[in-house]
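Secondary and tertiary structure notes
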Amino acid sequence: MLNKAPKLKSTVKSKAKGSINVRPASEAMIELLTLLFLNSLTEEAKAKAFEEKSATIRAQHVRAVTKKVLKKSRG
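All values reported here derive from a predicted model rather than from experimental measurement.

A packed helix pair is summarised by two numbers, namely the angle formed by the two axes and the spacing between the axes. Taken N-terminus to C-terminus, the directions of helix α2 (residues 24-51) and helix α3 (residues 59-74) make an angle of 135°; their axes are 9 Å apart at the nearest point. For the element pair α2 / α3, the angle class is oblique. Handedness of the α2/α3 crossing: right-handed. Residues F37, S40, L41, E44, A45, K48 and A49 of α2 pack against H61, V62, A64, V65, T66, K68, V69, L70, K72 and S73 of α3. Its residues placed into classes, the contact of α2 with α3 shows 9 nonpolar, 4 polar and 4 charged.

Here is the structure:
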């Protein structure tokens with residue numbers, strides 16, 4: 001897993017409507033939230049792979065739990 005989300009600041013600016021200034025503290029919080037989301041996604045995918053008696057996490061396991069993790073992360 002990556003230690004830092006790649007090009008996160010430019011991604012946030014491109015997705016935002018209008019011009020937006022992202023301060024360093026906000027950028028750090030966005031990166032932490034991204035890493036927490038990816039961490040929970042991998043944990044769920046690992047559990048799904050374990051249910052199917054698979055030793056490795058495959059794309060099908062990630063796709064199967066993506067909707068569930070997205071709903072959980074929204075609140």
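On we go.
Inspection of the entire model under this criterion finds 2 salt bridges. A salt bridge links K72 to E44; the nearest nitrogen and oxygen atoms lie 3.1 Å apart. With K72 in helix α3 and E44 in helix α2, the pair connects residues that are 28 residues apart, well separated along the chain. Classification of K72 by relative accessible area gives exposed; the value is 55%. It is possible to trace a salt-bridge network through shared partners that takes in E44, K68 and K72.

Let us now look at α3. In this model α3 runs 22 Å from its N-terminal to its C-terminal C-alpha over 16 residues, within 8% of the 22 Å that 1.5 Å per residue would give. Largest kink in α3: about 40°, centred on T66. Buried-residue contacts for α3 involve α2.

The next thing to look at is the confidence of the model for the protein. Caution applies to low-pLDDT regions: their predicted coordinates should not be interpreted in detail. Considering every residue of the protein, the mean pLDDT works out to 83; 88% of them sit at 70 or more. Mean pLDDT values for the elements of the protein range from 73 in helix α1 (residues 8-15) up to 90 in α3.

Okay, the side chain of S54 next. With respect to the secondary-structure elements, S54 resides in the loop between α2 and α3. Residue classification places S54 among the buried residues on the basis of a relative accessible area of 18%. Of the polar contacts made by the side chain of S54, one reaches the side chain of R58; its length is 3.0 Å. Setting aside residues up to four positions removed in sequence, S54 forms contacts with A49 and H61.

Conventions used here
- Residues numbered from 1 in each chain as written.
- Predicted model: local features only at pLDDT ≥ 70, side-chain atom pairs only at ≥ 80, totals over all residues.
- Heavy atoms only, no water.
- Axes fitted to C-alpha atoms, helices over the stretch in contact; angles between N-to-C directions.
- Helix = DSSP H or I, 4+ residues; strand = E, 2+ residues; numbered from the N terminus.
- Parallel < 35°, antiparallel > 145°, perpendicular 65-115°, else oblique.
- Left-handed = near helix turned anticlockwise from the far one by under 90°.
- Contact = heavy atoms within 4.5 Å.
- Nonpolar A, V, L, I, M, F, W, Y, C, P; charged D, E, K, R; others polar.
- Salt bridge = Lys/Arg side-chain N within 4 Å of Asp/Glu carboxyl O.
- Buried < 20%, exposed > 50% of the residue type's maximum accessible area, 1.4 Å probe, protein only.
- Expected span 1.5 Å × (residues − 1).
- Bend = angle between axes of the 7 residues up to and from the residue.
- pLDDT = per-residue confidence, 0-100.
- Polar contact = N/O pair within 3.5 Å; in protein donor to acceptor, adjacent residues only side chain to side chain.

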